[in-house]
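Commentary on secondary and tertiary structure
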Amino acid sequence: MVRGASLPPVSLLTLTGTLTSSSHHFLLLLSDSALPLGSFAFSSGLESYLAHTRPKSSFPAFLNFSLSSYASTTLPFVLAAHRKPIDLIELDDTLDAAIMCTVGRRASVAQGRALLSIWDRSFSSALPAGASAAAVAALKDFTVLLRATSSNITTGLPTASAHLGPLFGAIAGILGISLRQAAYVFMLSHVKALLSAAVRASMFGPYHAQKMLASVEIQEGILKVIEQEWNTNIEDAGQSVPVMDLWIGRHEMLYSRIFN
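As a starting point, this report considers the structure included with it. (Residues numbered from 1 in each chain as written. Predicted model: local features only at pLDDT ≥ 70, side-chain atom pairs only at ≥ 80, totals over all residues. Heavy atoms only, no water.)

Side note on the pattern of salt bridges
The test is simple: One side-chain nitrogen of Lys or Arg within 4 Å of one carboxyl oxygen of Asp or Glu is enough to make a salt bridge. Helical segments are the DSSP runs of H or I of at least four residues, strand segments are the runs of E of at least two, and each set is numbered from the N terminus. Classification of residues uses two cut-offs on accessible area relative to the type maximum, computed with a 1.4 Å probe and protein chains only: under 20% is buried, over 50% is exposed, and between them is partly exposed.
In the structure shown here, the tally under the stated rule is four salt bridges. Note that Arg147 is salt-bridged to Asp120, the shortest N-O span being 3.7 Å. Pair noted here: Arg147 is in helix H7 (residues 133-151) and Asp120 is in helix H6 (residues 102-121), with a separation of 27 residues, a long-range link. Arg147 sits in the exposed class, given a relative accessible area of 54%. With a shortest N-O distance of 2.2 Å, Glu227 and Arg180 are connected by a salt bridge. Within this pair, whereas Glu227 is found in helix H11 (residues 216-229), its partner Arg180 is found in helix H9 (residues 179-200), the two being separated by 47 residues in sequence.

What follows is the structure in structure tokens.
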């Protein structure tokens, strides 16, 4: 492949095996903006970025920062959970220890617990044929552990947190979604949430947001970070854009804000 050439999305997202109607259905559900994860209640640092960089704020610049940051810190855990869902508890615990920003941690846990609720109340009763029994059991064990943590009033560390990344990877694998597709949908959902935040922050309108979302630059940007983190071990995952933690962490210090 020639360096600098465009990476065709179809070739990178080709499934290994046949995409069944059931897994295709769940792929569309997980990529749907209406999925009640609460992602659009957070700006992932965008609102704080605008407050600290005006009048030189640039959404494309922030998007590149955020994509790189989110991929380097979280995507390895998505991939690891998809590859080996029986390690879900360990992956969740490792990610919880790796997140430096308290505000970012709360956002990850809030969305992860929302996804786990969707699994318990909706997806678990409609498993596709061939779903891994071991993976389903691992997710059930995680749910039991989380409930025990929530009901146990203690000053000690929680035994489970339910971060979004590992849960997304494990659930996507159980539903028959390929590893490449799961990674792409996970990063695309992050971009969609950022664009929604930018629209509500009056940076531009909804038509411009859709134009950006459909652009080749967005597609190649997502594919690029996936390729960069494809073989990253969870021990090597870390913040690639340190200033992102500052923007996210200082969000609660803003005098007025429209996002959590």
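Here's the deal with the nonpolar core
As a reminder of what qualifies: Put simply, buried Ala, Val, Leu, Ile, Met, Phe, Trp, Tyr and Cys residues joined by side-chain atoms within 4.5 Å make one nonpolar core. In what follows, residue pairs with any heavy atoms lying within 4.5 Å of each other are defined as contacts.
Counting 74 residues, the largest nonpolar core has Leu30, Phe59, Leu75, Phe123, Met187 and Ile222 as the members making the most contacts within it. The element contributing the most residues to this core is H9, with 13 residues. Look past the residues within four positions of Met187 in its chain and what remains in contact with it is Leu67, Tyr70, Ala71, Leu75, Ile222, Val225 and Ile226.

Observations regarding the packing of aromatic side chains
Each aromatic ring pair is summarised here by two numbers: the centre-to-centre distance and the angle between the ring planes. To be explicit about the condition: Pairing of aromatic side chains here covers Phe, Tyr and the six-membered ring of Trp, requires ring centres within 6.5 Å, and sorts the geometry by plane angle: under 30 degrees stacked, over 60 edge-to-face, intermediate tilted. Lysine NZ or arginine CZ positioned within 6 Å of the ring centre and within 35 degrees of the ring normal marks a charge as sitting over the ring.
Counted by the stated rule, this structure contains eight aromatic pairs. With a centroid separation of 6.1 Å and 45 degrees between ring planes, the pair formed by Phe62 and Trp247 is classed as tilted. In this pair, Phe62 is assigned in helix H4 (residues 59-83) and Trp247 in helix H12 (residues 242-249), connecting sequence segments 185 residues apart. When the centroid spacing of 5.2 Å and the interplanar angle of 10 degrees are considered together, the rings of Tyr70 and Phe186 count as stacked. Of this pair, Tyr70 sits in helix H4 while Phe186 sits in helix H9; the two residues are 116 residues apart in sequence, bridging distant segments of the chain. Across the pair, Phe186 and Tyr70 agree in class, each one buried. The ring of Trp230 carries the charged tip of Arg83 above its face, separated from the ring centre by 5.2 Å. The ring of Trp230 has Arg180 lying over it, and the distance from NZ or CZ to the ring centre is 3.9 Å.

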